[in-house]
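Next come the chains, spelled out residue by residue.
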Amino acid sequence: MADMTMVPEKKENKAAAFFGAIGNFFRSFGLAVADGDWAVKLSLVLCGAGYFRRKQIVRGILVMLLEIGAIAYTVFIGAGYIAKLPTLGTVQQEMVYNPDTMQNEMNNYDNSLLILLFGAISIVTVIVSIILWMANEITVYHIQKDAEAGKHVNTFRNDLHDLINKKFHITLLFFPILGIIIFNIFPLIVMVAVGFTNYDRKHMPPAYLFNWVGLANFKALFGDSLTMSFGYSFRKILIWTLIWAVLATFTTYFGGILLSLLINSKYTHFKKMWRTLFVITIAIPQFVTLLMMRSFYGDTGIVNTFLEKIGLVGFLKNIGLISTNYIPFLTSPGWAKVTIVFINIWVGVPYLMLITTGVLMNIPQDLVESAEIDGANKRQIFRHITMPYMLFITGPYLVTQFTANVNNFNVIYLLTNNVYTTTDQKLAASSGQEVDLLVTWLFRLTSDKYNYKMASVIGIMVFLICAVFTLIAFNFLIKDDREEMFR
């Protein structure tokens, strides 16, 4: 019973620590405002005042410049975009007559996409600026207390020295974090926001405006009507996406383990040759392999030609498995799904073979020897030692691989694009296909139909599915301190 309560206690402690840190931050800010000297209080308006008071001139100038930049951006750029966010623009693009030039000119129109983008950036900038403003107040208060206690107050040169030595991790992480904010966080915020608008082919900026529609797109995704079949398509494609992710992950995983065991078996000769042959398949770019496979397994491809000559096509037709003069490997829903899974095994197993080979070589031999002494056979050793160890070491890889397969665009798109045509009219009405994953459906909605609003909603759902699975899976993998079993 004691072990069963350990994990919830840890979770509760982490949550309490997180909210406790937030509470401490606000308490520290309040204490700094209430107990700080005149320079600390003046820092609420002039952020560099506390540094100037302690003769930290360079740091004070830098903080003042940052304050001026944040205020200038918010007043002259950000405020305008934030003010237009509730409507996403009201002035439509059009040609108007200018009596001064006696010519038709483009009016000063609103661009909904730019308003959404810069509005989001401006709101984040304001929030970050407020947090930095509060942190600056806490910092100058601590400097005041250090000075009153007779402690050494760092100069700008000392700070630079610390950033290169004791705080070098902060220096190294600054640019990666900045890159994540610019190239990941901001686009993600905008993508999520688009899901609550009517941004599509009929509302394409800058020629046309789009506006907020609330949860209408989510209702369309989970419901069906006479004019829209997104709900039907979403359910069908979601089921196939999850089935595909499970099959693609575990077939390549266990296939890689079996292949590794076969190659490393004492009964297998020319081990290096077999490894080399499978590594060559990894060296070939995946898109080349997939396009070649699409050609091989086409209705008139080399595989169908060979199977027809040996009589297999005729046999399958006679027993009713096919109704055509070829096997529809990539043109029939059932055949296409099975074919895609098997082609993915061919593409993915060699890579897993390399990973599992390295893991198998590092299994603690004392565990194996102890099991053999106790009378365990090879099957029992594999079941109780080899496989648990493999799952423990490669567990994080399985989680990330499942998530990657949910978003495995290449295999599905390259094998079926311009080859597969759906006969399901409800799927076709929402630009979907039986072999689509959510990510390929999303891509088709944006690239072919310019339906950004529904693509955004689908993207949000993909993110939620992957996030929930990842959190549950990693929680399962790290619970109960399983690493102690293999020490």
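Just so we're clear, the structure is a prediction, and the values are computed from it rather than from any experiment. (Residues numbered from 1 in each chain as written. Predicted model: local features only at pLDDT ≥ 70, side-chain atom pairs only at ≥ 80, totals over all residues. Heavy atoms only, no water.)

## Section: the pattern of salt bridges
Turning to step 1, where the next piece is worked out: Taken as a whole and assessed by the stated rule, the structure comprises seven salt bridges.
Turning to step 2, where the next piece is worked out: Two residues, Arg 54 and Asp 37, come together in a salt bridge whose shortest N-O distance is 2.5 Å. Of this pair, Arg 54 sits in the loop between helix H3 (49-53) and helix H4 (57-84) while Asp 37 is found in the loop between helix H1 (6-35) and helix H2 (38-42), placing the two residues 17 residues apart along the sequence.
Turning to step 3, where the next piece is worked out: In this structure, Lys 236 engages Asp 424 in a salt bridge whose closest nitrogen and oxygen atoms are separated by 3.2 Å. Placement of Lys 236 in helix H9 (residues 230-263) and of Asp 424 in the loop between helix H17 (409-416) and helix H18 (425-429) is noted, with a sequence separation of 188 residues between them.
Turning to step 4, where the next piece is worked out: A relative accessible area of 35% places Lys 236 in the partly exposed class.
Turning to step 5, where the next piece is worked out: Exposure remark for Asp 424: the relative accessible area of 14% places this residue in the buried category.
Turning to step 6, where the next piece is worked out: If you follow the salt bridges from partner to partner, you end up with Asp 35, Lys 145 and Glu 148 in one network. (Salt bridge = Lys/Arg side-chain N within 4 Å of Asp/Glu carboxyl O. Helix = DSSP H or I, 4+ residues; strand = E, 2+ residues; numbered from the N terminus. Buried < 20%, exposed > 50% of the residue type's maximum accessible area, 1.4 Å probe, protein only.)

## Focus on the confidence of the model for the chain
Turning to step 1, where the next piece is worked out: For the chain, the mean per-residue pLDDT works out to 85, and 91% of the residues sit at or above 70.
Turning to step 2, where the next piece is worked out: Residue range residues 1-9 is modelled with pLDDT below 50. Its contacts to residues more than four positions away, or to other chains, number five contacts. (pLDDT = per-residue confidence, 0-100. Contact = heavy atoms within 4.5 Å.)

## What to know about the domain arrangement of the chain
Turning to step 1, where the next piece is worked out: On domain assignment, one finds that the chain holds domain 1 (14-214) and domain 2 (223-478).
Turning to step 2, where the next piece is worked out: At the interface, 10 residues of domain 1 touch 10 residues of domain 2.
Turning to step 3, where the next piece is worked out: The junction of domain 1 with domain 2 conceals about 880 Å² of combined surface from both sides, 65% of it contributed by carbon and sulfur atoms.
Turning to step 4, where the next piece is worked out: Taken as a group, Met 191, Tyr 199 and Arg 201 account for 45% of the area that domain 1 buries against domain 2, more than any other trio of residues on that side.
Turning to step 5, where the next piece is worked out: Our count for the contact surface shared by domain 1 and domain 2 stands at one salt bridge.
Turning to step 6, where the next piece is worked out: For the salt bridge of Asp 200 with Lys 453, the shortest nitrogen-to-oxygen distance reads 3.2 Å.
Turning to step 7, where the next piece is worked out: Applying the counting rule to domain 1 against domain 2 returns seven residue pairs in polar contact (both at pLDDT 80 or more). (Domains from an automatic or database assignment. Buried area = accessible area lost by both parts, 1.4 Å probe. Polar contact = N/O pair within 3.5 Å; in protein donor to acceptor, adjacent residues only side chain to side chain.)

## Observations regarding the packing of H17 against helix H19 (residues 438-447)
Turning to step 1, where the next piece is worked out: It is at 9 Å that the axes of H17 and H19 come closest, and there the two elements cross at 60°. In terms of orientation, H17 and H19 fall into the oblique class. Considering only the axes of H17 and H19, their crossing is right-handed. The residues of H19 that touch H17, namely those facing Phe 409, Ile 412 and Tyr 413, are Val 439, Thr 440 and Phe 443.
Turning to step 2, where the next piece is worked out: For the contact of H17 with H19, the residue count by class is five nonpolar, one polar and no charged. (Axes fitted to C-alpha atoms, helices over the stretch in contact; angles between N-to-C directions. Parallel < 35°, antiparallel > 145°, perpendicular 65-115°, else oblique. Left-handed = near helix turned anticlockwise from the far one by under 90°. Nonpolar A, V, L, I, M, F, W, Y, C, P; charged D, E, K, R; others polar.)

## Some remarks on the packing of aromatic side chains
Turning to step 1, where the next piece is worked out: Using the criterion set out here, one finds 19 aromatic pairs in the structure.
Turning to step 2, where the next piece is worked out: The side chain of Lys 426 reaches across the aromatic face of Tyr 232, ending 4.5 Å from its centre. (Phe/Tyr/Trp six-rings, centres within 6.5 Å; stacked < 30°, edge-to-face > 60°. Lys NZ or Arg CZ within 6 Å of the ring centre and 35° of its normal.)

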